[in-house]
Amino acid sequence: MPDLDLTPDEARRLQLRAQGLIGADARRRGVPGVLDRLGAVQLDTISVLARSHELVPYARLGAAGRSAVETAYWGGTDGGLDGPRPPRTFEYWAHAASIIPVRDWPLFAFRRRHYAERGQRWHQVSAEAVADVRARLAAEGPLTTRELGGARSGTGDGTMTDSWRWSEHKIAVEWLLDLGEVVCVRRIGWRRVYDLADRAIPADLLDADPDDETCLTELVRRAGRALGVATRADLADYYRLKRDQVEAALPATGLVPVNVAGWRDAAFADPDALAEPVRGRHATTLLSPFDSLVWDRARTSRVFGFDHRLEAYVPKAKRVHGYFTMPVLAGGRLIGRVDPAREGRTLVARQVSLEPRAATPGRLAASCAAVHEAMRRAAEWVGCDDVRVERCDPPELARVP
């Protein structure tokens, strides 16, 4: 099949639609539909306006109720251990720690086998602790790390390094999760609730054991569908595969080669994405820095001309844009950044800026309006009734409508 030529704008719009950020189709089936479309929603501990796994469906659906988002992921709304197990999801290592549709459990068999062959991941595993965790879960049902014996070993010093001071039971249960013997069935607050996989995962999925080639081919296909158009590096990054794994899998994926003007590397597109022109209204929203549209910094720079990094772990004096800078998406482009915080019922924009191309005289007014619309919508979603801007560039951003 001859290569198809795409302009950068066509590639950008294909990616936005694939990611659910153009058109009404993206809102069908709510949060489960978002997860099915993306294939993985990254988790992260940082919570400013909300946690990242809440911000991802918010960007696509608007003000979906936060309890409805949690229910769609985990099932049950009472926060207790006796609610129903999540019918659609499990947690595992995709791009990073992620919520994944339960239908995809078999596709990660290759990664579970890899961990088993390796024998450990971050920590040495105590056989006694592993046996105890298995026995406790079998006898008592779903448990948190605290109930298994605590997450930390000693009091630690409160530094970043201290986060690795896991207790033996924490190491054991996370190792069993890596192997697929244990699964996180839901969260209480930010604490994982663990259960044995043979109770939590449907038997037909649990018994499926596809070989590595089948797993990798399907994951590369899923990555191509979730991105619309992508290079080999993009496809590898989506589920953190190796480049040679992607190269070997590509011929069987059905993805078609395309040339994107200005892209240095060859690209591949989802044929279904190419079959229909991109139509519909663009989302105007703040994006989590862990959103799958922007989690690959090299791809974000190439597709959107937007250079972004998370500065939460950068010393405050060295930050350029702020602690939890959220890109602003409007009109299908990343036009600026907001570093948000909350003070009571006020959303505080510690720092707001526009990209140079969005601040030209012909675009300035519309760009400022879009940024304020994105902040206002986010404020309403998290229960704030006011927005205050502290620092901004250009100065016109200070004028809150």
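The rules behind each value
- Every chain's residues receive numbers from 1 upward, in the order its sequence appears when written.
- Side-chain atom pairs in this predicted model are given and counted only at pLDDT of 80 or more, local residue features only at pLDDT of at least 70, and totals for whole chains, interfaces and linings cover all residues.
- The basis for every side-chain value is the complete set of heavy atoms in the structure, and neither hydrogens nor water enter the calculation.
- Numbering of helices and strands runs from the N terminus; a helix is a DSSP stretch of H or I covering at least four residues, while a strand is a stretch of E covering at least two.
- Only C-alpha atoms enter the radius of gyration; for comparison, a globular chain is expected to reach 2.2 Å times N to the power 0.38, where N is the number of residues.
- Here's how the labels work: a residue is buried when its accessible area is under 20% of the maximum for its type, exposed when over 50%, partly exposed in between, all with a 1.4 Å probe on protein chains only.
- Contact definition: two residues touch when any of their heavy atoms are within 4.5 Å.
- Every accessible area reported is derived by Shrake-Rupley at a probe size of 1.4 Å, with residue values counting cover from the shown protein chains alone.
- By the counting rule applied here, Lys and Arg register as positive and Asp and Glu as negative, while His and the ends of each chain are not counted.
- Each charge is placed at NZ for Lys, CZ for Arg, CG for Asp and CD for Glu.
- Joining through side-chain atoms within 4.5 Å is the link that ties buried Ala, Val, Leu, Ile, Met, Phe, Trp, Tyr and Cys residues into a set, and such a set is a nonpolar core.
- Note: two strands are recorded as paired if DSSP finds a minimum of 2 bridges between them.
- Side-chain rings of Phe, Tyr and Trp (the six-membered ring for Trp) are treated as a pair once their centres are within 6.5 Å; stacked means planes under 30 degrees apart, edge-to-face means over 60, and tilted covers the remaining angles.
- For this document, the term salt bridge refers to a Lys or Arg side-chain nitrogen within 4 Å of an Asp or Glu carboxyl oxygen.
- Under the rule applied, a polar contact is a pair of N or O atoms within 3.5 Å (in protein, one hydrogen donor and one hydrogen acceptor; residues adjacent in sequence only if both atoms are side-chain atoms).
- Here an axis means a line fitted to C-alpha atoms, over the contact stretch when the element is a helix, while the angle between two N-to-C directions is reported on a 0 to 180 degree scale.
- When an angle is under 35 degrees it counts as roughly parallel; over 145 it counts as roughly antiparallel; between 65 and 115 it counts as roughly perpendicular; any other value is oblique.
- Any residue outside Ala, Val, Leu, Ile, Met, Phe, Trp, Tyr, Cys, Pro, Asp, Glu, Lys and Arg is labelled polar, Gly included; the first ten of those are nonpolar and the last four are charged.
- pLDDT is a residue-level measure of predictor confidence that goes from 0 to 100.
- Directions are taken from the helix axis to each C-beta atom, and the arc is the one they span.

**Q** Quick rundown of the overall build of the protein? Include the residues and the values.
**A** Assigned secondary structure in the protein consists of 16 helices and 15 strands. Its C-alpha radius of gyration of 22 Å places the protein within 12% of the 21 Å reference for a compact globule of 401 residues. The C-alpha extent of the protein, read off along each of the three principal axes, is 65 × 60 × 40 Å. Per-residue burial over the protein gives 54% buried out of 401 residues. Once local pairs closer than 6 in sequence are excluded, the contacts in the protein between residues at least 24 apart make up 63%. Total accessible area computed for the protein in this model is approximately 17,800 Å², and 50% of it derives from carbon and sulfur atoms. Charged side chains of the protein number 58 positive and 55 negative; the gap between the two group centres comes to 5 Å.

**Q** Talk me through the nonpolar core; I want residue IDs and the actual numbers.
**A** Counting residues in each nonpolar core, the largest one holds 69 residues, and the members touching the most others are Phe108 and Tyr239. Excluding its chain neighbours within four sequence positions, the residues that come into contact with Tyr239 are Leu38, Gly39, Ala40, Ala94, His95, Phe108, Arg111, Leu219, Arg222 and Ala223. Ranked by size, the runner-up nonpolar core spans 35 residues in total, among them Val48, Val328, Ile335 and Val352.

**Q** Account for the environment of Ala283, with residues named and values stated.
**A** The topology assignment puts Ala283 in the loop between α14 (271-275) and β11 (285-286). Setting aside its immediate chain neighbours within four residues, Ala283 contacts Leu21, Ala59, Leu329, Ala330 and Gly331.

**Q** Residue-level account of the sheet that holds β11, with values.
**A** Ordered by their spatial adjacency, five strands build an open sheet running β11-β12-β13-β14-β15, and the pairing between neighbours is mixed. Each having just a single partner strand, β11 and β15 (386-393) make up the two edges of the open sheet.

**Q** How would you explain the packing of aromatic side chains if you had to name every residue and give the values?
**A** Under the definition given, this model contains 10 aromatic pairs. Measuring from centroid to centroid gives 5.3 Å for Tyr238 and Tyr239, while their planes differ by 75 degrees, and the two rings are edge-to-face. Take Tyr238 and Tyr239: they sit in the same class, and that class is buried. Here the aromatic residues Phe90, Tyr92, Trp105, Phe108, Tyr238, Tyr239 and Trp295 are joined through ring pairs into a cluster of three or more.

**Q** An account of the side chain of Asp44 is needed here, citing residue identities and associated values.
**A** Within the secondary structure layout, Asp44 lies in the loop between β2 (41-42) and α3 (52-61). The charged side chain of Asp44 is buried without a salt bridge, its nearest counter-charge being Arg51 at 6.8 Å. Polar side-chain contacts of Asp44 include one of 3.0 Å to the backbone nitrogen of Ile46. Sequence-distant contacts of Asp44, defined by excluding residues within four places in its chain, comprise Arg51, Trp190 and Phe290.

**Q** Got a sec to walk through the packing of α3 against helix α4 (residues 66-74)? Specific residues and values, please.
**A** Between α3 and α4, the shortest axis-to-axis distance is 10 Å and the interhelical angle comes to 105 degrees. As summarised for this structure, α3 and α4 are arranged roughly perpendicular, according to the angle between their axes. Here α3 contributes His53, Glu54 and Pro57 to the contact with α4, which in turn contributes Arg66, Val69, Glu70 and Tyr73. Across the contact of α3 with α4, the residue classes tally to three nonpolar, one polar and three charged.

**Q** Any details on unusual backbone geometry? Residues and values, ideally.
**A** The step from Asp393 to Pro394 runs through a cis peptide bond, and the omega angle for that step is 10 degrees. Following the sequence through the fold, Pro394 ends up in the segment after β15.

**Q** Explain the environment of Trp175 to me, using residue names and the numbers behind them.
**A** Following the sequence through the fold, Trp175 ends up in helix α8 (residues 168-179). Since its relative accessible area comes to 10%, Trp175 is described here as buried. When the C-alpha atoms of Trp175 and Gly119 are compared, they prove to be 9.4 Å apart, with 56 residues separating the residues in sequence. If we skip the residues at most four places from it in the chain, Trp175 touches Tyr115, Ala116, Gly119, Gln120, Arg121, Val125 and Val130.

**Q** Explain the side chain of Thr285 to me, and be specific about the residues and the numbers.
**A** Along the chain, Thr285 turns up in strand β11. When near neighbours in sequence (up to four residues on either side) are disregarded, Thr285 contacts Tyr58, Ala59, Pro327, Val328, Leu329 and Ala374.

**Q** Give me the confidence of the model for the protein: which residues, what numbers.
**A** Across the protein, the average pLDDT comes to 89, with 92% of residues at 70 or higher. In the predicted structure, residues 77-82 sits below a pLDDT of 50 and forms 10 contacts with residues beyond four places in sequence or in another chain. Here residues 155-162 is a poorly scored stretch, pLDDT under 50, and it has seven contacts once near neighbours within four places are set aside; other chains count.

**Q** Can you break down helix α15 (residues 297-304) residue by residue, with the values?
**A** By the burial criterion, the buried members of α15 are Arg299, Thr300, Val303 and Phe304. In an axial view of α15, the angular spread of the buried residues amounts to 100 degrees, which keeps them on one side of the axis. Residues of α15 that are buried sit in contact with α1 (8-18), α11 (212-227), α12 (232-238) and β13 (333-343). N-capping of α15 is provided by Asp296, with a side-chain oxygen placed 3.1 Å from the backbone N of Ala298.

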